[in-house]
Amino acid sequence: QVQLVESGGGLVQAGGSLRLSCAASGRTFSSYSMGWIRQAPGKEREFVAAISRTGGATGYVDRVKGRFTISRDNVKNTVYLQMNSLKPEDTAVYYCAARNSQYSRTDYYPTDWTRYDYWGQGTQVTVSS
């Protein structure tokens, strides 16, 4: 199992930047594909970005491409989401999630948020206009 703790959320003006971090427990972090999923008030959860267990492959939902960057450090057991050019519609609770992918291809990452097995508690991101 893995436990996930997010940090880095907050209030920012439109056009600003935030960097979210997700610290994972356990010694097998490099076996997990990692993702960021968000949920805005009154809306369903939405896949935002994901990264393969080696960090060699990444994917994004179209509306954040070119603005958000996901990365990971398998020594520090941490995954990051750098968010630039933030928009009010990015306002949501952002969740870090993990899926054990040790038997999957090294470039595998889920883009369906229901495929993730472990979740953090979430961190609020609010973008003011």
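Presented here is an overview of the structure given in this document. (Residues numbered from 1 in each chain as written. Predicted model: local features only at pLDDT ≥ 70, side-chain atom pairs only at ≥ 80, totals over all residues. Heavy atoms only, no water.)

### A short note on the packing of aromatic side chains
Throughout the structure, instances matching the rule amount to 4 aromatic pairs. Pairing W113 with W119 gives two aromatic rings, centres 6.2 Å apart and planes at 80 degrees, and the pair type is edge-to-face. Residue classification places W119 among the partly exposed residues on the basis of a relative accessible area of 26%. Note on Y116 and W119: the rings are 6.5 Å apart at their centroids and 75 degrees apart in plane angle, and the pair reads as edge-to-face. Using a relative accessible area of 5% as the deciding quantity, one classes Y116 as buried. Geometry around Y80 places R19 over its ring, the cationic atom sitting 4.0 Å from the centre. (Phe/Tyr/Trp six-rings, centres within 6.5 Å; stacked < 30°, edge-to-face > 60°. Buried < 20%, exposed > 50% of the residue type's maximum accessible area, 1.4 Å probe, protein only. Lys NZ or Arg CZ within 6 Å of the ring centre and 35° of its normal.)

### Considerations on the sheet that holds strand β8 (residues 78-83)
One open sheet accounts for 4 strands, arranged β1-β3-β8-β7; its pairing is antiparallel. Two strands lie at the open edges of the sheet, namely β1 (4-7) and β7 (68-73), each paired on one side alone. Looking at each pair of strands side by side, their axes are set apart by 15 degrees on average, direction ignored. As paired strands, strand β3 (residues 18-24) and β8 are joined by 6 bridges and run antiparallel to one another. (Pairing = 2+ DSSP bridges. Helix = DSSP H or I, 4+ residues; strand = E, 2+ residues; numbered from the N terminus. Axes fitted to C-alpha atoms, helices over the stretch in contact; angles between N-to-C directions.)

### With respect to the pattern of salt bridges
Enumeration according to the criterion identifies 7 salt bridges in this entry. What you see here is one network of salt bridges that share partners, running through R38, E46, R63, R67 and D90. (Salt bridge = Lys/Arg side-chain N within 4 Å of Asp/Glu carboxyl O.)

### Focus: the nonpolar core
Core analysis: the biggest nonpolar cluster contains 34 residues, and M34, W36, V79, L81, M83 and Y94 have the highest contact counts within it. Those elements giving two or more residues to this core turn out to be β3, β4 (32-39), β5 (46-51), β7, β8, β9 (92-100) and β11 (123-128). (Core = buried A, V, L, I, M, F, W, Y, C linked by side-chain atoms within 4.5 Å.)

### Examining the state of the cysteines
Scanning the entire structure with this criterion turns up 1 disulfide. At a sulfur-sulfur separation of 2.1 Å, the disulfide partner of C22 is C96. Disulfide C22-C96: the torsion about the S-S bond is -75 degrees, which places it as left-handed. Placement of C22 in strand β3 and of C96 in strand β9 is noted, with a sequence separation of 74 residues between them. (Disulfide = S-S within 2.5 Å.)

### A short note on the side chain of R53
Mapped onto the secondary structure, R53 falls in the loop between β5 and β6 (58-60). Salt bridges are absent for the buried R53, whose nearest opposite-charge side chain, D107, sits at 8.1 Å. Excluding residues within four positions of it along the chain, R53 makes contact with S30, S31, Y32, S33, R72, N74, S101, Q102, S104, R105, T106 and Y108. (Lys, Arg positive; Asp, Glu negative; His and termini not counted. Contact = heavy atoms within 4.5 Å.)

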